[in-house]
Amino acid sequence: MAVEIEMRARFTKEFHDQLVARLKADGEDLGPDDKHIYFYVLPNQLLKVTDNTAAGTAKITLKGSKIGQGAAFAETEFTIAPTDVPAAVKVFNALGFETAMHEAFNFRHNFRFGGVEIAVKWSEAWGYHAEFEVLLEDGAPDAARAEAEAKITDVATALGVTLMTEQELADFTAAFEAAEKERKEREQQAAPIR
């Protein structure tokens, strides 16, 4: 298990293009990382089945908290075969998590800048955005977590990126979850009775 220190930012396409150009010029280009993700938003955790289409890999990840509940995410992750993604989704849906599931495709490109991994992304739900991340070993002291957060903040500032606050993240994800719930209810009501 690891602890991921993660912060996010949303921005316009114009800023996205400027950020990618800057990272390609001044950072380390880690390459494309497009992913098809099945998110299960649980009360205090996030479960994901990820088909990394760019790398030809797949994994299941359990994050120990949700976006908007702090920058530190304890993560348990294990690799599965890409061909097992549909079976994993079927299992989680059969366990009753289907109502909490959101499916998304993320166009991503990964970079490293100033010791921080940065995934510059686009998805339907988030639009143009980036995830800034430092990975720590499980049990890292609070001082290491604070250092990682400060490093992310410094890198974001150097790149001209305004990071979202935890409250902004919580509000954004709550609004998304409410809209998804409403959409699913409409689809269920419109479905023909069998």
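This text goes with the structure placed above it.
Quick notes on the rules
- Residues numbered from 1 in each chain as written.
- Predicted model: local features only at pLDDT ≥ 70, side-chain atom pairs only at ≥ 80, totals over all residues.
- Heavy atoms only, no water.
- Helix = DSSP H or I, 4+ residues; strand = E, 2+ residues; numbered from the N terminus.
- Rg over C-alpha atoms; globule rule 2.2 N^0.38 Å.
- Pairing = 2+ DSSP bridges.
- Contact = heavy atoms within 4.5 Å.
- Phe/Tyr/Trp six-rings, centres within 6.5 Å; stacked < 30°, edge-to-face > 60°.
- Buried < 20%, exposed > 50% of the residue type's maximum accessible area, 1.4 Å probe, protein only.
- Lys NZ or Arg CZ within 6 Å of the ring centre and 35° of its normal.
- Polar contact = N/O pair within 3.5 Å; in protein donor to acceptor, adjacent residues only side chain to side chain.
- Core = buried A, V, L, I, M, F, W, Y, C linked by side-chain atoms within 4.5 Å.

Draft legend 1. Representation of the overall build of the protein chain within the structure. Helix and strand counts for the protein chain come out as four helices and nine strands. Listing the helices and strands of the protein chain from first to last along the sequence gives β-α-β-β-β-β-β-α-β-β-β-α-α. In terms of overall size, the protein chain behaves like a compact globule, its C-alpha atoms giving a radius of gyration of 17 Å where 194 residues would be expected to give roughly 16 Å. On the principal axes, the C-alpha backbone points of the protein chain span a range of 60 × 40 × 35 Å.

Draft legend 2. Representation of the pairing of strand 5 (residues 57-63). Direction of pairing for strand 4 (residues 46-52) relative to strand 5: antiparallel, over a ladder of seven bridges. When the bridges of strand 5 are listed, lysine 48 appears paired with threonine 61. Where strand 4 folds back onto strand 5 in an antiparallel hairpin, the turn is made up of four residues, including glycine 56, whose phi is positive at roughly 70°. Across six bridges, strand 5 lies against strand 6 (residues 72-80) in antiparallel orientation. Bridge assignment links leucine 62 to a residue of strand 6, and that residue is threonine 76.

Draft legend 3. Geometry of the environment of leucine 42. As for its position among the elements, leucine 42 is in the loop between strand 3 (35-41) and strand 4. Here the alpha-carbon distance between leucine 42 and alanine 100, two residues 58 residues apart in the chain, equals 6.6 Å. Discounting residues that sit within four places of it in the chain, leucine 42 has contacts with Leu47, Lys66 and Phe97.

Draft legend 4. Region of interest: the packing of aromatic side chains. Applying the stated criterion across every chain yields a total of seven aromatic pairs. An angle of 45° between the planes, with centres 6.4 Å apart, marks the rings of phenylalanine 92 and phenylalanine 97 as tilted. By relative accessible area, phenylalanine 97 is classed as partly exposed at 26%. Cluster of aromatic residues (ring-pair linked, three or more members): Tyr40, Phe92 and Phe97. One cation-aromatic arrangement involves arginine 8 over tryptophan 126; the distance from NZ or CZ to the ring centre is 4.9 Å.

Draft legend 5. Summary view of the side chain of lysine 121. Relative to the helices and strands, lysine 121 resides in strand 8 (residues 116-123). Residue lysine 121 is classed as buried on the basis of its relative accessible area of 4%. A distance of 2.7 Å separates the side chain of lysine 121 from the side chain of glutamate 131, its partner in a polar contact. Beyond its immediate chain neighbours, meaning those up to four positions away, lysine 121 contacts Arg8, His16, Phe107, Arg108, Gly127, Tyr128, His129 and Glu131.

Draft legend 6. Expanded view of the nonpolar core. Core analysis: the largest hydrophobic core is formed by 26 residues, its most contacted members being Ile118, Phe132 and Leu159. Apart from the residues lying within four places of it in its own chain, the contact partners of isoleucine 118 are Leu23, His109, Asn110, Phe111, Phe113, Ala130, Glu131, Phe132, Val155 and Leu159. Formed by 13 residues, the second largest nonpolar core is a distinct cluster that contains Leu47, Ile60, Ala88 and Val89.

Draft legend 7. Just the pairing of strand 8, in detail. Burial analysis of strand 8 places six of its eight residues in the buried class, which makes it a mostly covered element. The pairing of strand 7 (residues 101-113) with strand 8 spans seven bridges and is antiparallel. Residue pairing for strand 8: phenylalanine 113 is matched across the bridge by valine 116. Counting the residues that bridge the hairpin from strand 7 to strand 8 gives two residues, and of these glycine 114 lies at a positive phi of roughly 60°. Inspection of the sheet shows strand 8 paired to strand 9 (residues 127-137) by seven bridges, in the antiparallel sense. From the neighbouring strand, serine 123 faces strand 9, where its bridge partner is glycine 127. Counting the residues in the hairpin turn of strand 8 and strand 9 gives three residues.

Take it as geometry only, folks, not as evidence of what the structure does.
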